[in-house]
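An overview of the molecular structure
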Amino acid sequence: MRIPDVLKLSLRQRFFRFLAKAPVVLHLDVWFPQIPMAVAVGLLGVLAILDALPHLIQLFPELTDLAPSTSLTQVPLLSALGTVPEVVAGFVLLLMAFGLLFRSRFAWAITLVLAAAMLAILWHHYGDVWSGVIIFNAVILVSLLLFRRHFARSSLAAGTLFAAISILLLMSYAVLGSYVLGAGFSPPIKNLVSALYFAVVTMSTVGYGDIVPKSEDARLFVISIIILGITVFATSISAVVVPLVNGRMQHLLMGEKKRAHRNHYLIIGDNALAQNTYRALRARHLPALVLVPVTPEHVWMAKEDLMIGDATELDVLRKAGAECALGVLALRVVDSENAFIVLAAKELAIPGKTVAAVQDGKNLERLRQIGVDLIISPEVLGGELLALTLSGEELVGDTIISKLFTAKAEGAEA
């Protein structure tokens with residue numbers, strides 16, 4: 001069965017139709033890009049841990065010699081701590097990989113910072129030698145920037161989890177640092193309980209003044225935990241509270257967000273032909289938008305595929321994405337309304353095809369004159385098929401197609 005030339009889309013239109021159809025066929029909205037990114041980030045974390053693990057094992061015998069000091073340079077353990085940041089970044093990347101699975105914006109931001117830090121660490125470690133890990137890290141960093149819009153969720157559960165982990169990491173840093181630099185305080189911090197007390201008092205900005213930093217390193221350390229404490233607590237509160245009110249406030253201030261329609265088929269009408277056309281397109285995973293003047297009594301399309309408005313108005317057609325549609329299908333039961341819709345679409349100079357349904361055969365020529373790309377006339381087709389059957393003529397596929405779709409070519413011959 002030969003398809004009429006007027007039904008064929010251009011190469012550019014077929015490409016955009018493929019792009020519009022691919023996400024539905026491949027279910028990209030379910031797994032892309034969060035799953036590939038989570039796997040890649042998790043793998044980067046594992047590689048970082050494996051790379052530093054042999055050096056980290058050498059640190060354990062020296063942990064027994066850890067004692068309070070006035071300066072970091074006096075701590076023998078620090079000479080072997082060069083690989084610890086890489087290990088910590090690796091573990092945090094493993095954790096953030098789970099956040100990326102849920103498209104968490106918080107996890108995306110932390111991963112972006114850690115990926116950049118990891119790239120700097122690996123570059124310092126390997127120098128100008130381009131190792132596979134450095135290239136892999138760079139690819140992840142670029143991918144995070146490219147897919148940043150896909151990680152915009154502010155989940156309450158994820159925000160609470162990451163906030164708790166951030167506070168725990170900060171607390172560990174504050175307690176360990178206070179104990180290591182314990183001799184630089186007055187009175188000296190000689191045990192972990194005193195270090196925990198000082199860390200909590202400092203991060204909460206209470207500052208009783210019973211323990212005061214005296215050495216230069218101790219003062220710099222206190223400055224760091226004050227700045228980090230304010231930052232982490234403020235970020236953690238926003239990560240927990242903002243998701244609770246963000247959705248509601250956005251709905252109240254901005255209204256319900258409508259998705260943009262591009263490379264779709266705009267169906268105008270609320271009848272059996274429009275319904276069947278919509279279902280056939282959706283069955284083939286092709287995007288479609290139904291434009292009707294009033295809400296149907298029985299909604300037969302998906303909620304996001306319904307738009308209310310007068311299709312003869314240019315502003316309404318623009319909002320429906322007619323200028324980016326692959327086809328505008330005027331399928332109302334009144335021929336004159338379909339003609340006005342096509343004229344409005346032609347005025348917008350839409351790149352897609354225009355289709356009009358005709359109920360009365362005497363209006364075929366009038367619709368041809370206004371430049372409709374395809375004219376579908378079910379009533380005329382029924383009469384033609386019945387006449388062919390009664391006269392004993394053979395029903396050929398090409399004949400049925402030519403009768404069903406009355407194109408401009410026929411009008412030229414008339």
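This one's a predicted model, so the numbers in the text were calculated from it and none came from an experiment.

Moving on, we come to the pairing of strand β7 (residues 353-357). With 4 of 5 residues buried, β7 lies mostly within the body of the structure. The parallel pair strand β6 (residues 327-330) and β7, bridged by helix α13 (residues 335-347), forms a crossover whose chirality is right-handed. The sheet contact formed by β7 and strand β8 (residues 374-376) spans 3 bridges and is parallel. Paired with V355 across the bridge in β8 is L374.

A few words now on the nonpolar core. One recurring pattern in soluble globular proteins is that nonpolar side chains are buried together. One finds L266, I268, L291, L317, A322, V328 and L367 to be the most contacted residues of the largest nonpolar core, which totals 25 residues. Elements that contribute at least two residues to this core include exactly β3 (265-268), β4 (288-292), α12 (314-319), β6, α13 and α14 (364-369). Sort the elements by how many residues they give to this core and α13 lands first, with 5 residues. Ignoring any residue separated from it by four or fewer positions in sequence, one finds A322 in contact with L266, L317, V328, L348 and I350. If you look at the next biggest cluster of nonpolar residues, it comprises 24 residues, including A48, A107, A115 and L144.

The UniProt record marks residues 37-57, 77-99, 106-123, 129-147, 159-180, 192-208 and 220-245 with the feature "transmembrane region" (unreviewed entry), using the residue numbering of this structure. Across residues 106-123 one finds 100% helix and 0% strand; the C-alpha atoms that close the span lie 26 Å apart. End C-alpha atoms of residues 192-208 are separated by 18 Å, and the span's content is 71% helix alongside 0% strand.

Take the pairing of β3 next. Of the two faces of β3, the one lined by Y265 and I267 and the one lined by L266 and I268 are each fully buried. In terms of strand pairing, β3 meets β4 through 4 bridges, oriented parallel. Note that in β4 the partner of I267 across the bridge is V290. The β-α-β motif built from β3, the intervening helix α11 (residues 272-283) and the parallel element β4 has right-handed crossover chirality. Bridge analysis of β3 against β6 gives 4 bridges, and the strand direction is parallel. The partner of I268 across the bridge, within β6, is A330.

Quick notes on the rules
- Residues numbered from 1 in each chain as written.
- Predicted model: local features only at pLDDT ≥ 70, side-chain atom pairs only at ≥ 80, totals over all residues.
- Heavy atoms only, no water.
- Buried < 20%, exposed > 50% of the residue type's maximum accessible area, 1.4 Å probe, protein only.
- Helix = DSSP H or I, 4+ residues; strand = E, 2+ residues; numbered from the N terminus.
- Right-handed = clockwise from strand over helix to strand, strands pointing away.
- Pairing = 2+ DSSP bridges.
- Core = buried A, V, L, I, M, F, W, Y, C linked by side-chain atoms within 4.5 Å.
- Contact = heavy atoms within 4.5 Å.
- UniProt positions renumbered as here; feature names shortened; annotations may be inferred.

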